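# Notes for the structure review
Each chain, written out:
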Amino acid sequence: MGYELRVERDAPLAYAELASVSARAGFELRGSQEAGEVVARHGDSVHQIATWSGRLSGQPGSDWQVAQLALLTDLMGARLVGEDGEAYGIRNGVVEQINGSSTYEFGKLEEILAAGPTEWSA
């Protein structure tokens, strides 16, 4: 099992809202209200971005997946939070991780999305 990022917000996220936001953003929602996944395409391939089971979370394996999840989270007006309390988001077109006073920049959103889901090495 990988490192989990979870989507948090003040108001509960309803499945219908997730479906609506996902569709508008170009993501595909598969499954049912009880359990499913959000997927995104890159070229001819489909990649899982997040899972749904009454809450939305993801276990990214690439900067591309982090960027996609940050984009989806942003469109929902939510926060993307890691297991250690760090936050992920998009600021001025740059995908970043914020942990206390430290900031790590993944890179420009459009460049990460264009590069595709290159898996992180161990």
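See the structure shown above.
Bear in mind that the values here come from a model prediction, so they are computed numbers and not experimental data. (Residues numbered from 1 in each chain as written. Predicted model: local features only at pLDDT ≥ 70, side-chain atom pairs only at ≥ 80, totals over all residues. Heavy atoms only, no water.)

### Some thoughts on the pattern of salt bridges
According to the stated counting rule, one finds six salt bridges in the structure shown. The partner of Arg55 in a salt bridge is Glu4, with the nearest N and O atoms 3.3 Å apart. Placement of Arg55 in the loop between strand 4 (45-52) and strand 5 (56-58) and of Glu4 in the segment before strand 1 (5-8) is noted, with a sequence separation of 51 residues between them. Two residues, Glu28 and Arg30, come together in a salt bridge whose shortest N-O distance is 3.0 Å. On the accessibility criterion, Glu28 (33% relative accessible area) is partly exposed. What makes Arg30 partly exposed here is its relative accessible area of 32%. (Salt bridge = Lys/Arg side-chain N within 4 Å of Asp/Glu carboxyl O. Helix = DSSP H or I, 4+ residues; strand = E, 2+ residues; numbered from the N terminus. Buried < 20%, exposed > 50% of the residue type's maximum accessible area, 1.4 Å probe, protein only.)

### A look at helix 1 (residues 15-25)
For helix 1, the set of buried residues is Tyr15, Leu18, Val21 and Ser22. The buried residues of helix 1 occupy one face: seen down the axis, they fall within an arc of 130°. In helix 1, the exposed positions that point more than 90 degrees away from the buried face belong to Ala16, Ala23 and Arg24. Phi for Gly26, located one or two positions after helix 1, is positive at around 90°. (Arc of directions from axis to C-beta.)

### Concerning the sheet that holds strand 4
In spatial order, the strands read 2-3-4-5-1-6-7-8-9; together these nine strands make up an open sheet with antiparallel pairing. Each edge of the sheet is formed by a strand with only one pairing partner; in this case those strands are strand 2 (28-31) and strand 9 (102-108). Between one strand axis and the next, the sheet turns by 35° as a mean value, whatever way the strands run. On the sheet, helix 1 packs against strand 2, strand 3 (36-42), strand 4 and strand 5 and is oriented at approximately 140° with respect to strand 2. The strands touched by helix 2 (residues 63-75) within the sheet are strand 1, strand 3, strand 4, strand 5, strand 6 (79-82), strand 7 (87-91), strand 8 (94-99) and strand 9, with strand 4 carrying the most contacts at an inclination of about 55°. (Pairing = 2+ DSSP bridges. Axes fitted to C-alpha atoms, helices over the stretch in contact; angles between N-to-C directions. Contact = heavy atoms within 4.5 Å.)

### Focus on the environment of Gly77
Within the element layout of this structure, Gly77 appears in the loop between helix 2 and strand 6. Residue Gly77 is classed as exposed on the basis of its relative accessible area of 57%. Separated by 66 residues in sequence, Gly77 and Ala11 have C-alpha atoms that sit 9.8 Å apart.

### As for the side chain of Ser57
Mapped onto the secondary structure, Ser57 falls in strand 5. Polar contacts involving the side chain of Ser57 include one to the side chain of Glu4, which spans 3.4 Å. Beyond its immediate stretch of four places on either side in the chain, Ser57 contacts Glu4, Leu5, Arg6, Ala50 and Thr51. (Polar contact = N/O pair within 3.5 Å; in protein donor to acceptor, adjacent residues only side chain to side chain.)

As far as function goes, none of this settles anything; it's purely spatial.
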